[in-house]
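Here's the letter readout for the chains.
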Amino acid sequence: MTEQRYHVIGMTCGRCADALESKVCGVLGVDRVGVDLDTGSVTVTGEALDGSKVCAAITEAGFEVAAVL
């Protein structure tokens, strides 16, 4: 199991978190997504994660990846 963390800009509410989680969960290999609105961090867990696809899903959900942590 691999874990990747991202700092995401633009998440301000529960609906934002839900939209982002739904989009990222659709990426092949993603098993779990955790969103922390207070810190703007997103933790993605899964097998054979493709960071570029996770970043693309975050962008498609309407948010900006500020950093990969």
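Quick notes on the rules
Per chain, residues are indexed from 1 in the order of the written sequence. Where totals are concerned, whole chains, interfaces and linings use all residues; where local detail is concerned, this predicted model gives features only for residues with pLDDT of at least 70, and gives and counts side-chain atom pairs only at 80 or more. Think of the side-chain values as coming from all heavy atoms in the structure, minus any hydrogens and water. A pair of strands is considered paired only if DSSP assigns at least 2 bridges between the two. Runs of E in the DSSP output that reach at least two residues are strands. Runs of H or I that reach at least four are helices, and both are numbered from the N terminus. Helix axes use the C-alpha atoms of the stretch in contact, all axes being lines fitted to C-alpha atoms, and the angles between their N-to-C directions lie in the range 0 to 180 degrees. Contacts between residues were defined by any pair of non-hydrogen atoms, one from each residue, lying within 4.5 Å. Only buried residues count toward a nonpolar core, which is a set of Ala, Val, Leu, Ile, Met, Phe, Trp, Tyr and Cys residues joined through side-chain atoms within 4.5 Å. Per-residue accessibility, obtained with a 1.4 Å probe over protein chains only, is compared with the maximum for each type, and a residue is labelled buried under 20%, exposed over 50%, and partly exposed between these values. UniProt positions are given in the numbering used here, feature names are shortened, and annotations may be inferred rather than shown by experiment.

Enquirer: So what about the sheet that holds strand E1 (residues 2–9)? Which residues, and what values?
Expert: Strand order in the open sheet formed by 4 strands is E2-E3-E1-E4, with antiparallel pairing between adjacent strands. Lying at the two open borders of the sheet, with one neighbouring strand each, are strand E2 (30–36) and strand E4 (64–68). Going across the sheet, the axis of each strand differs from the next one's by a mean of 30°, ignoring polarity. Relative to strand E3 (residues 41–46), E2 is paired through 6 bridges, and the arrangement is antiparallel. The residue of E3 that forms the bridge with Val35 is Val42. Relative to the sheet, helix H1 (residues 14–25) contacts E1, E2 and E3, its axis offset from that of E2 by approximately 160°. The strands that helix H2 (residues 51–60) touches are E1, E2, E3 and E4; relative to E1, the one it contacts most, it runs at about 35°.

Enquirer: Could you give an account of the nonpolar core, naming the residues involved and the relevant values?
Expert: Val8, Leu20, Val24, Val30, Val44, Val54 and Ile58 are the most contacted members of the largest nonpolar core, which totals 16 residues. Every element with two or more residues in this core is listed here: E1, H1, E2, E3 and H2. Each residue touching Leu20, except ones within four places of it in the same chain, is listed here: Val8, Met11, Val35, Val42, Ile58, Ala61 and Phe63.

Enquirer: Summarise unusual backbone geometry; cite the residues concerned and give the values.
Expert: With a phi angle near 50°, Ala48 is a residue other than glycine that sits in the positive phi range. Mapping Ala48 onto the fold places it in the loop between E3 and H2. Owing to a relative accessible area of 70%, Ala48 belongs among the exposed residues under this scheme.

Enquirer: A description of the UniProt feature "domain: HMA" (unreviewed entry) in the protein should follow, citing residues and the corresponding values.
Expert: Using the residue numbers shown here, the UniProt feature "domain: HMA" (unreviewed entry) corresponds to residues 2–66. In residues 2–66, the share of helix is 34% and the share of strand is 37%. The end C-alpha atoms are 21 Å apart.

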